[in-house]
Each structure stands twice: as C-alpha cells, then as structure tokens.
Amino acid sequence: MKPAITPNDVPTAAAMAEILARASRRSEIAPFIVMDVMERAARIEAAGGHVIHMEVGQPAAPAPHSARAAARRALDHGRIGYTTALGLPSLRARIARHYGETYDVDIDPARVVATTGSSAGFLLAFLALFEPGDRVAIANPGYPPYRHILTALGCEPVLIETDAASRWVITPEALAQAHASAPLKGVLVASPANPTGTMMRPEALAELIATAEGLGIRFISDEIYHGLDYAFPAATAAAISPNATVIHSFSKYFCMTGWRVGWMVMPQPLVRAVERLQQNLMISVPTLSQVAAEAAFDGAAEMEAVKHGYEANRLILTGGLPEAGLPEFLPVDGAFYLYADVSRFSDDSAALARRLLDEAHVATTPGVDFDPHRGQHYLRLSYAGAAEEMREAVERIGDFLRRG
C-alpha cells in the first residue's frame, strides 16, 4: 500500500516556483555574443548616438529587386500557404541549376532541401548525422553556433586549433590526429570562413574531404559566404564528393538575412531523414521567402555590384587599419570580415569591444565569441556596410586607440 503524502512532502511555494523556473541543462549554452553587442548598440542609438555597425555580418544592401518584386506579386496573388517540407520544387530545381552554372557540377534537385536559413540547416544536419555523445570537429576560431548547437544536442564539439602555419584552416594531419585521440563522427568546415575570412583552395578542400571519408568521418561544408570570394573562386564540396553535406544560405551574397531562407545539398540516402525532421520541426520553410529566393537568382548583376562594394570596403580597412594602429590581421580572402589582432592594446577583447562601442560608437565583436582559447586577443570587424561608414570607422578606431 502506497504511503500517504504528508505536508512535509509537498514543496513550498517558493521551492515550486524555483523548480518551474529552472531551464534545462541543454539550454545552458554560451550566448552568441554578437547579438548582445547588437543590443548594447541599439541602446546607444535609442539615446541618440550614431553607431557604426561592424559587429554583425549583415549586408547594408537590400535583397535583389527581383526577389522583392516576386514577393510583392505573391502577396498580391492572395493566399500564402504551406509548401512541402523539402521546399518548392521550382526553387529546388533553380538551386540545382545554380550548381551547374557556378561550379559546373550536376546536382539532382531531389538532393536539395530548402531551410529556414543556414541555422536550420545546421540543426537538421546535426540531427540527421549524429547521435548524442558523438564528437564533431570544427575549426578554432569558428562560428559560435556550431559548437553551441552541437552542445545543446548532446554532441561534443572538438575544437581543432588553426594558425598562420595552416593558413587558419583544418589540415588533414590535424583532423587525423584529433581522430586518433578519440574517434570523430563528423567535421564541419567553412570556406570562406567566419570570423577569419580565410578560404581553402580546391585542392586543400579535396584532400581534407578524402581524409575525412577515409577515416569514416562525415563531412559538412558551410558555404554561406560563397560568391563573396576575392582571392580566388570558392570550391564547393558538392563537386568533390556526393557524400558531403553542403549548407548554404541566401542571407549573405543575396542580402536576405531577415528572409530566413537557405538550403542544403544532402547525400541522397539521407534526404528522407532530413525531410522527416523538417516535417516535425518546421513543417515547411516560409513560402514567401522561398518565392523571393528563387527570384533572387535573377538579380545576380545587382549582387555583383554589391560584392564590388565589399571589395572596396576591404581595401579601406586593409589600407587604413594599419595606420590606425591595427597592422596585424588574418588573410582577408572572402566573406566580409577582418579578424584583427588587438593584443598590443588589450588582453581582454570583450572589454576592449565594450569601450570601443561606448566611447567611439563603433560596434565590433570580441574574438572570445569565436575562440574561447585565444579570442581575448582579437576583434572581428564586418565590412558589409557602406563605404563612408568604413572610412569613418577607421578614423574613430584610430582616435580611440591613440587616446588609449
């Protein structure tokens, strides 16, 4: 017979409130610091300050005219309903065609999955490819949500240190060494990379994929900055191996961050797994965004003009920052980021970024967001804004550093 519950067994109101307010352990991940910087900058702007935004990778230009016009037509047409979980067939076919036009590789549209931005792509890929406890290698420094999402899903992100000798990318030797210490189930690389802006040459990417597959390690390629390449053309993993998972987005090259639409190219045997996940987690990607995304490919000339603006901004920073007091930064091959060494001024990049924002009204992202080991010596600067703001930023940064 079950013993009766006594008053002593019932939690007090205060204890119950504490229990109900307690978040899950899997939610105890680090914040995405750049979003906190944006919030701090917004408070300064609300008080009347003029902040130059170099903290977030967000293009200043709008989505292509063709994308906006297509969205307006869709709205005027009337009902915007669900699509299938994998996405509009016409969008998936257009994305597949893009691979032929850009990389000269034939992709079956059946392998293409529309996603709610690349962020959903990472979530879907990690769920489809890995089990809790699996070890997944990522470059350090690297995009913070890689490790945060993996951690929330119960996986173990394995940070592989990169440096000038490796040109800030994972090498086959480093991958094999990490795998030998404890087996890896996956590796994720980005080229162009965030926060470094560095890129992998096609032969280096091919060698790394071959090493991974030879060791039984699944390969994920983050290609959301493709198209924004200045040193040499970016290579897609989809042209190298049908077993690679490719994650892409309309956010960066096509200037569609707020539309939240991207895509994946999956190995054919795994498409159904991703479809099941998408059906249950998202149902489908917003239809209006998919319509606009398909039309965005018609705005390539417009987007190339935007890219030339980034190239000009890149020259403003690489030419002006050394004179301002920041002569050391990583190779600026692609994307729209410059990762600057600030160790001569501070060993606390978070504090330096706060002061730079509060005193000079220039918002940057501290390197500790991207590198928990050496990031205290770096700041990431985005040059996706307007040229006049980049010039003003160089002046403000120089004045700030000279004041000490």
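Residues numbered from 1 in each chain as written. Predicted model: local features only at pLDDT ≥ 70, side-chain atom pairs only at ≥ 80, totals over all residues. Heavy atoms only, no water.

As annotated in an unreviewed UniProt entry, the protein chain is aspartate transaminase from Ancylobacter tetraedralis. UniProt's Catalytic activity (unreviewed entry) comment on the protein chain is quoted here verbatim: "L-aspartate + 2-oxoglutarate = oxaloacetate + L-glutamate". (UniProt positions renumbered as here; feature names shortened; annotations may be inferred.)

1. Focus on the nonpolar core
In terms of nonpolar packing, the biggest core is built from 84 residues, with Tyr-99, Leu-175, Val-187, Phe-219, Phe-250, Met-256 and Tyr-310 touching the most fellow members. Shared between two domains, this core holds at least three residues of each, these being domain 1 (26-62 + 301-403) and domain 2 (80-298). Beyond its immediate stretch of four places on either side in the chain, Phe-250 contacts Leu-91, Ile-95, Cys-255, Met-256, Val-261, Gly-262, Trp-263, Ala-293, Ala-296 and Phe-297. In terms of nonpolar packing, the next biggest core, distinct from the first, is built from 26 residues, Leu-86, Ala-190, Ala-193 and Met-266 among them. (Core = buried A, V, L, I, M, F, W, Y, C linked by side-chain atoms within 4.5 Å. Buried < 20%, exposed > 50% of the residue type's maximum accessible area, 1.4 Å probe, protein only. Domains from an automatic or database assignment. Contact = heavy atoms within 4.5 Å.)

2. Side note on helix α7 (residues 172-181)
Taken as a whole, α7 has its buried residues at Pro-172, Leu-175, Ala-178 and His-179. The buried residues of α7 occupy one face: seen down the axis, they fall within an arc of 130°. In α7, the exposed positions angled more than 90 degrees off the buried face are occupied by Glu-173, Gln-177, Ala-180 and Ser-181. On its buried side, α7 packs onto β3 (135-140), β4 (156-161), β5 (186-190) and α8 (202-214). (Helix = DSSP H or I, 4+ residues; strand = E, 2+ residues; numbered from the N terminus. Arc of directions from axis to C-beta.)

3. Quick word on the sheet that holds β3
Across the sheet, which stays open at both edges, the seven strands sit in the order β2-β8-β7-β6-β5-β3-β4 with mixed pairing between neighbours. In the strand order of this sheet, the two ends are held by β2 (112-115) and β4, each with one partner. If you compare each strand with its neighbour and ignore which way they point, the axes differ by 25° on average. In this structure, strand β6 (residues 218-222) lies alongside strand β7 (residues 245-249), joined through three bridges in parallel fashion. Bridge pairing in β7 places Ile-220 opposite Thr-245. (Pairing = 2+ DSSP bridges. Axes fitted to C-alpha atoms, helices over the stretch in contact; angles between N-to-C directions.)

4. Remarks on the packing of helix α12 (residues 349-360) against helix α13 (residues 387-403)
Orientation of α12 relative to α13, taken along the N-to-C sense of each, is 110°, at an axis distance of 11 Å. One way to sum up the angle between α12 and α13 is to call them roughly perpendicular. In this structure, α12 crosses over α13, and the sense of that crossing is right-handed. Contacts between α12 and α13 involve Leu-352, Arg-355, Leu-356, Glu-359 and Ala-360 on the former and, on the latter, Arg-396, Ile-397, Phe-400 and Arg-403. Across the contact of α12 with α13, the residue classes tally to five nonpolar, no polar and four charged. (Parallel < 35°, antiparallel > 145°, perpendicular 65-115°, else oblique. Left-handed = near helix turned anticlockwise from the far one by under 90°. Nonpolar A, V, L, I, M, F, W, Y, C, P; charged D, E, K, R; others polar.)

5. A word on the domain arrangement of the protein chain
Parsing the protein chain into structural domains produces domain 1 (26-62 + 301-403) and domain 2 (80-298). Between the C-alpha centres of domain 1 and domain 2 there is a distance of 25 Å. If you look at the interface, domain 1 gives 36 residues, while domain 2 gives 36 residues. Of the roughly 3100 Å² buried between domain 1 and domain 2 on both sides combined, carbon and sulfur atoms contribute 58%. Between the two partners, domain 1 and domain 2, sit three salt bridges. Among the salt bridges present, the one from Lys-307 reaches Asp-229, with a minimum N-O distance of 3.0 Å. Along the contact surface separating domain 1 from domain 2 lie 22 residue pairs in polar contact (both at pLDDT 80 or more). Elements supplying a minimum of two residues to the side of domain 1 that touches domain 2: α11 (300-324), β9 (337-341) and β12 (378-382). In terms of residue count, α11 provides more of the side of domain 1 that touches domain 2 than any other element does, seven residues in total. (Buried area = accessible area lost by both parts, 1.4 Å probe. Salt bridge = Lys/Arg side-chain N within 4 Å of Asp/Glu carboxyl O. Polar contact = N/O pair within 3.5 Å; in protein donor to acceptor, adjacent residues only side chain to side chain.)

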